[in-house]
Amino acid sequence: MKLKYILSILAALMLTGCGAKKVTNNVSITVEVNTTSATAAVSTVSTAQKTTKAAVTTTTAKAEPPADLLLNGKETVEVYEDIKLKDFITDKNVDLKDGEVLLNTDDTGVFEVEIPYIYKGNEFSKKLQYSVIDSTPPTVLNAGWDTAHKVGKDFDLNDYVGFADNFDKKPVLTFEGDIDPDAVGSYPLTATATDCSGNATTWDITINVVDQVPAAVDNNPRVNYGDFIARYDGDNVRFGIDVSAWQTNVDYNAVRDAGCSFVIMRIGYYYSAITMDDYFRQNIENATAAGLDVGVYIYTTDNTEEGAREHARWIVEQLGGRKLDFPVAFDWEEFGNFQKYGMSIKNLNDIYAAFADELEKNGYSAMLYSSRNFLNNFWSEKTKASHPVWLAHFVDETNYEGEYAIWQASAYGRIPGIAGDVDMDIQYLDKAIN
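Since the model is a prediction, treat every value here as computed from it, not as a measurement.

(A) Representation of the packing of aromatic side chains within the structure. Summed over all chains, the structure comprises 28 aromatic pairs. Between the aromatic rings of Phe262 and Phe326, the centroid separation amounts to 5.0 Å while the plane-to-plane angle is 50°, which identifies the pairing as tilted. With Phe262 in strand β17 (residues 262–270) and Phe326 in the loop between α7 (305–319) and β20 (328–331), the pair connects residues that are 64 residues apart, well separated along the chain. We classify Phe262 as buried; its relative accessible area is 0%. You can call Phe326 buried: its relative accessible area is 2%. Taken together, a centroid distance of 6.0 Å and an interplanar angle of 50° make the contact between Tyr400 and Tyr404 tilted.

(B) Main features of the sheet that holds strand β6 (residues 95–96). Taken in spatial order, the 4 strands line up as β4-β8-β7-β6 in an open sheet, and their pairing is mixed. Pairing within the sheet leaves two strands with one partner each, and these edge strands are β4 (76–78) and β6. Of the strand pairs in this sheet, β6 and strand β7 (residues 109–119) are connected by 2 bridges, and their pairing is antiparallel. Bridging across to β7, Leu96 finds its partner in Tyr117.

(C) Region of the structure containing the nonpolar core. In terms of nonpolar packing, the biggest core is built from 66 residues, with Ile241, Phe355, Phe378 and Trp379 touching the most fellow members. Leaving out residues up to four positions away in the same chain, Phe355 has contacts with Ile298, Ala308, His311, Ala312, Ile315, Val328, Phe330 and Ala366. Counting 18 residues, the second largest nonpolar core, distinct from the first, contains Phe88, Ile115, Val132 and Phe167.

(D) Up close: the side chain of Gln247. With respect to the element layout, Gln247 can be found in the loop between β16 (237–243) and α5 (252–257). Classification of Gln247 by relative accessible area gives buried; the value is 10%. Reaching out from Gln247, the side chain makes a polar contact with the backbone nitrogen of Ser244 at a distance of 2.9 Å.

(E) Region of interest: the pairing of strand β24 (residues 422–428). The buried fraction of β24 is high, at 6 of 7 residues. Sheet topology places β16 next to β24; 6 bridges connect them, and they run antiparallel. Paired with Gly240 across the two strands is Asp425, which belongs to β24. As paired elements, strand β23 (residues 406–414) and β24 share 5 bridges and run antiparallel to each other. Within β24, the residue paired with Trp407 across the bridge is Ile426.

(F) Representation of helix α6 (residues 280–289). Looking only at α6, the buried set comprises Phe280, Asn283, Ile284 and Ala287. Down the axis of α6, the sector holding all buried residues measures 90°, keeping them to one side. Here the buried face of α6 lies against β16, α5, β17, β18 (274–276), β19 (293–300) and α7. Once α6 ends, the next one or two residues include Gly291, with phi positive near 85°.

(G) Local environment of the sheet that holds strand β13 (residues 185–194). Strand order in this open sheet of 4 strands is β10-β14-β13-β12, and the pairing throughout is mixed. This sheet does not close on itself; its edge strands, each paired only once, are β10 (148–150) and β12 (172–176). Going across the sheet, the axis of each strand differs from the next one's by a mean of 40°, ignoring polarity. Two elements, β10 and strand β14 (residues 200–210), share 3 bridges in a ladder whose sense is parallel. Considered in β14, the bridge of His149 is made with Val209.

(H) Quick peek at unusual backbone geometry. Although it is not a glycine, Asn236 adopts a positive phi angle of roughly 65°. Its identity as a non-glycine residue notwithstanding, Thr248 has a phi of 50°, on the positive side. On the secondary structure map, Thr248 appears in the loop between β16 and α5.

(I) Seen up close, the pairing of strand β21 (residues 366–371). Counting buried residues in β21 gives 5 out of 6 residues, a clear majority hidden from the surface. In this structure, β20 lies alongside β21, joined through 4 bridges in parallel fashion. Bridged to Phe330 within β21 is Leu368. Following the chain from β20 across helix α8 (residues 345–361) to the adjacent parallel β21, one finds a crossover that is right-handed. The pairing of β21 with strand β22 (residues 389–392) spans 4 bridges and is parallel. Each bridged residue has a counterpart across the sheet, and for Ser371 the counterpart in β22 is Ala392.

(J) Main features of the packing of α7 against α8. Contact geometry of α7 with α8 gives a least axis separation of 8 Å together with a crossing angle of 30°. Between α7 and α8 the crossing geometry is right-handed. Contact residues: Glu305, Ala308, Arg309, His311, Ala312, Arg313, Ile315 and Val316 in α7; Asp350, Ile351, Ala354, Phe355, Asp357, Glu358, Leu359 and Lys361 in α8. The class makeup of the residues in the contact of α7 with α8 is 8 nonpolar, 1 polar and 7 charged.

Cut-off values and rules
Residues numbered from 1 in each chain as written. Predicted model: local features only at pLDDT ≥ 70, side-chain atom pairs only at ≥ 80, totals over all residues. Heavy atoms only, no water. Phe/Tyr/Trp six-rings, centres within 6.5 Å; stacked < 30°, edge-to-face > 60°. Helix = DSSP H or I, 4+ residues; strand = E, 2+ residues; numbered from the N terminus. Buried < 20%, exposed > 50% of the residue type's maximum accessible area, 1.4 Å probe, protein only. Pairing = 2+ DSSP bridges. Core = buried A, V, L, I, M, F, W, Y, C linked by side-chain atoms within 4.5 Å. Contact = heavy atoms within 4.5 Å. Polar contact = N/O pair within 3.5 Å; in protein donor to acceptor, adjacent residues only side chain to side chain. Arc of directions from axis to C-beta. Axes fitted to C-alpha atoms, helices over the stretch in contact; angles between N-to-C directions. Right-handed = clockwise from strand over helix to strand, strands pointing away. Left-handed = near helix turned anticlockwise from the far one by under 90°. Nonpolar A, V, L, I, M, F, W, Y, C, P; charged D, E, K, R; others polar.

If you want it as structure tokens, here you go:
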């Protein structure tokens, strides 16, 4: 009986290769067995005494998820919504492995997400389905600020209004009412912008068909720069201007002596190609020589992320390593007929993010320039929080409630050293700018 026992052990050793056999989801251990009494019985096979190591595999029960698992999520979420798994889950009786992970909401449709969770120290997962929907109607950016249409000209309502959708790049504009573009008169219309999800926004507009479109009337009062400083002077503020080729030759020593501390100048603009401002080189050299802090901005109509990155690389190349005192400002203002650019609201926010990212790769930072209206109705909270904001709001006291580091308070300033109007700015020194 002893010999039979020893031979069965030897057979087992040959089958297992003298090691622990791997069994999926089981625990493998090796036990050293001292077979002193068995050694003599195998002396006919080998005269050398030795200790035999036998591989002994033990199996533990496979961990199982809870039989009463409760892990449910929301049936629907909004497209582009920033929602974490912990907020997506509505009911649970287990712990999430990482509730901070964002749910994918980049498109509409039905999606599946695998939710890892912990139960009794073990990790499991459950797949859940959810629908991403778009329930947000288009936003009206321009309800019809200029409604004079020249008689005899082809009529397209898109020329007089602007709107955008959070998701759809090409919402459809329709209107109800009658208009005869060949007959002078006033024509009340009801306009509707409808996105691809069926969400619609409706507003009223009157189109005035006229013999001659009247020229714009400028009744804005001009503001002396000294009075501007006196009105807003206080702790943690300083005053500046922003300029472009429209100001032509600037005497920056006179500007400095008038109480100006900084100048933000246009480096270039883009319509169909990036073009340097005719006075940029002169402006940056002369302003720096006068001891003024300097920054730059670019005016653009581009509608692609790669285009925005190209803008950033072009700016870096033109600066040639020059240090700036402000982030590079991004100025996109074509909201009057925004729908003609084939973008959603999300697209332009992403374009600005691409511009900022490319600048940062090259050692510079970005700043968003925009008016109060579009800061409230177009730029996302995430975008506004990502970089400093340069607010444009031409009023005596702004009621913009968001954060901003610079306020462009007037476009009708008058300052020694510049012939004509200039934009006037206030920087708040307690607000981070870089």
